[in-house]
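Commentary on secondary and tertiary structure
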Amino acid sequence: MIDRHEKISLAEVARVSGEWSSLFPSGFFVKLVAYDDESGTGGNSVVIVVGGVIALRDEWVGFCGDWQRVLNKHSAQYFHFREWADASSVIRGTRPANSSFKKNPYKTWSQSKLDEFLIDLAQVVVSENKLVVGGYVPPMQLRDLQANGVTKTTASPEELCLRYFFDSTVSTISAERKPLKRQGISFFFDHIENDQSRNIIRNGYNLACKRHTQFKSYTIVNEGLKERVKNGDVEFLPLQAADMVAYRIRQIMENFSNLDFTGPTWDKLDNILFDRMNKSFEKQSAKQSVAEKEALLWRCYPGLKGVPYEKAMDFLHSQSKFKNANNTQK
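Residues numbered from 1 in each chain as written. Predicted model: local features only at pLDDT ≥ 70, side-chain atom pairs only at ≥ 80, totals over all residues. Heavy atoms only, no water.

**Remarks on the environment of Leu71**
Counting through the fold element by element, Leu71 comes out in helix 2 (residues 57-73). Residues Leu71 and Ile8 lie 63 residues apart in sequence; the distance between their C-alpha atoms is 8.8 Å. Leaving out residues up to four positions away in the same chain, Leu71 has contacts with Ala76, Gln77, Tyr78, Phe79, Phe117, Leu237 and Gln240. (Helix = DSSP H or I, 4+ residues; strand = E, 2+ residues; numbered from the N terminus. Contact = heavy atoms within 4.5 Å.)

Here it is, written out as structure tokens:
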């Protein structure tokens, strides 16, 4: 077991990740590997998210070395966004430290050190043309739509989110790395805590395979993030990147669903992680008709159903300005 403060050598990272890479077919049968993380699946979340990062098998070997280099630079054993966010909140004074904070690996860090660590890692996430993907569903809004007969889907929020995620994986590859759109894809899911979630992923994956023939395999990693890293399983370092993506998407979409624009803004992080995703969305939005935009907006905000698109957007902007003004006064 690796000591809490011991740095993992880059040579060890290269050796382990090289052995892992050799398990996959090489040559013409090049593989894309997607590392995925669930966020907000505890049952009380405003949104459910599945997020991850996709890259060619050989690109992940380089990633492991780059990621570990950043961890070593900051004397960090691993990255976990929830612990990072907790440390940041305590340092900024937005909440007091709880009883478990003494175990937080970043508890003695300054905000500037936390920020530098996060940005250094984010730059590794998107290097070498890796793709950030994600799907999200607001459970309460979905159930309202189902109860009112607005949507015909009977899928659970978790099932629907997974479907969106798999579809977004294929559409993102087709849009951003088109030559690879027919390559096989293997999915690695982070630690899943219960049989129900594992079954949802298994069944959702099997259904997705009927729509996407390039899906080849999936694996659910059975040990938790910190336990894996403590035992030196550096081949799963990419799941730390997936944790960053999924957690940040959940934060953004929770704020969006709650019309809450008062929290800290992490524009630098978002501009790094989601630059390609945002540009793709802007292109797609430009092609949409007003009716299509209204339908999308009404799905996100059922309370605005029937309100014309421009008026609905004016209302959302006014809510944002009102909350920001109140926050400034406080």
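**Overview of unusual backbone geometry**
In the Ramachandran plot, Ser75 falls in the positive-phi region, its phi being about 55° despite a non-glycine side chain. Looking at the element boundaries, Ser75 is found in the loop between helix 2 and helix 3 (81-92). Using a relative accessible area of 54% as the deciding quantity, one classes Ser75 as exposed. For Asn129, which is not glycine, the phi dihedral falls at a positive 65°. Mapped onto the secondary structure, Asn129 falls in the loop between helix 4 (111-125) and strand 3 (131-137). (Buried < 20%, exposed > 50% of the residue type's maximum accessible area, 1.4 Å probe, protein only.)

**As for the nonpolar core**
Core analysis: the largest hydrophobic core is formed by 53 residues, its most contacted members being Trp67, Phe79, Phe81, Trp84, Phe117 and Met244. No other element matches the nine residues that helix 9 (residues 238-257) contributes to this core. Residues in contact with Phe81, not counting those within four places in the same chain, are Leu118, Asp243, Met244, Tyr247, Arg248, Gln251, Trp266 and Leu269. In terms of nonpolar packing, the next biggest core, distinct from the first, is built from 29 residues, Ile48, Leu180, Ile185 and Ile220 among them. (Core = buried A, V, L, I, M, F, W, Y, C linked by side-chain atoms within 4.5 Å.)

**Some words on the packing of helix 3 against helix 9**
Two numbers describe how helix 3 lies on helix 9: the axes approach to 9 Å, and their chain directions differ by 55°. Comparing the axis directions of helix 3 and helix 9 gives the class oblique. Facing Phe81, Arg82 and Ala85 of helix 3, the residues of helix 9 in contact are Asp243, Met244, Tyr247, Arg248, Arg250 and Gln251. A class-by-class count of the residues in the contact of helix 3 with helix 9 yields four nonpolar, one polar and four charged. (Axes fitted to C-alpha atoms, helices over the stretch in contact; angles between N-to-C directions. Parallel < 35°, antiparallel > 145°, perpendicular 65-115°, else oblique. Nonpolar A, V, L, I, M, F, W, Y, C, P; charged D, E, K, R; others polar.)

**Some thoughts on the sheet that holds strand 4 (residues 184-189)**
If you trace the five strands from one edge of the open sheet to the other, you get 3-2-1-4-5, paired in mixed fashion. Both outer strands of the open sheet, strand 3 and strand 5 (215-220), are each paired with one neighbouring strand and no more. Going from strand to strand, the sheet's axes swing by 20° on average, the running direction of each strand aside. As defined by bridge partners, strand 1 (residues 31-39) adjoins strand 2 (residues 48-56) across eight bridges and the pair is classed as antiparallel. Bridge pairing links Glu38 to Val50 in strand 2. (Pairing = 2+ DSSP bridges.)

**Topic: the packing of aromatic side chains**
The tally for this structure, following the rule as stated, stands at 25 aromatic pairs. Taken together, a centroid distance of 6.4 Å and an interplanar angle of 80° make the contact between Phe166 and Phe189 edge-to-face. Of the two residues, Phe166 sits in helix 6 (residues 157-176) while Phe189 sits in strand 4, which places them 23 residues apart along the sequence. For the residue pair Phe166 and Phe189, the accessibility class agrees, reading buried in each case. (Phe/Tyr/Trp six-rings, centres within 6.5 Å; stacked < 30°, edge-to-face > 60°.)

**A look at the pattern of salt bridges**
Inspection of every chain in the model, using the stated rule, returns 12 salt bridges. Salt-bridge contacts for Arg276 lead to Glu176; the nearest nitrogen and oxygen are separated by 3.1 Å. In this pair, Arg276 sits in helix 11 (residues 275-287) while Glu176 sits in helix 6, placing the two residues 100 residues apart along the sequence. The exposure class of Glu176 is partly exposed, given its relative accessible area of 27%. Where salt bridges share partners, they join Lys73, Glu116 and Asp120 into one cluster. (Salt bridge = Lys/Arg side-chain N within 4 Å of Asp/Glu carboxyl O.)

**Structural notes on the pairing of strand 4**
For strand 4, a buried count of six out of six residues is recorded, marking the element as mostly surrounded by other parts of the structure. Alternating residues of strand 4 divide into Gly184, Ser186 and Phe188 and Ile185, Phe187 and Phe189, and every residue in both groups is buried. Both strand 1 and strand 4 contribute to a ladder of six bridges, which runs parallel. The residue of strand 4 that forms the bridge with Tyr35 is Phe188. In terms of handedness, the path from strand 4 via helix 7 (residues 195-211) over to strand 5 forms a crossover that is right-handed. (Right-handed = clockwise from strand over helix to strand, strands pointing away.)

These figures capture arrangement, not role.
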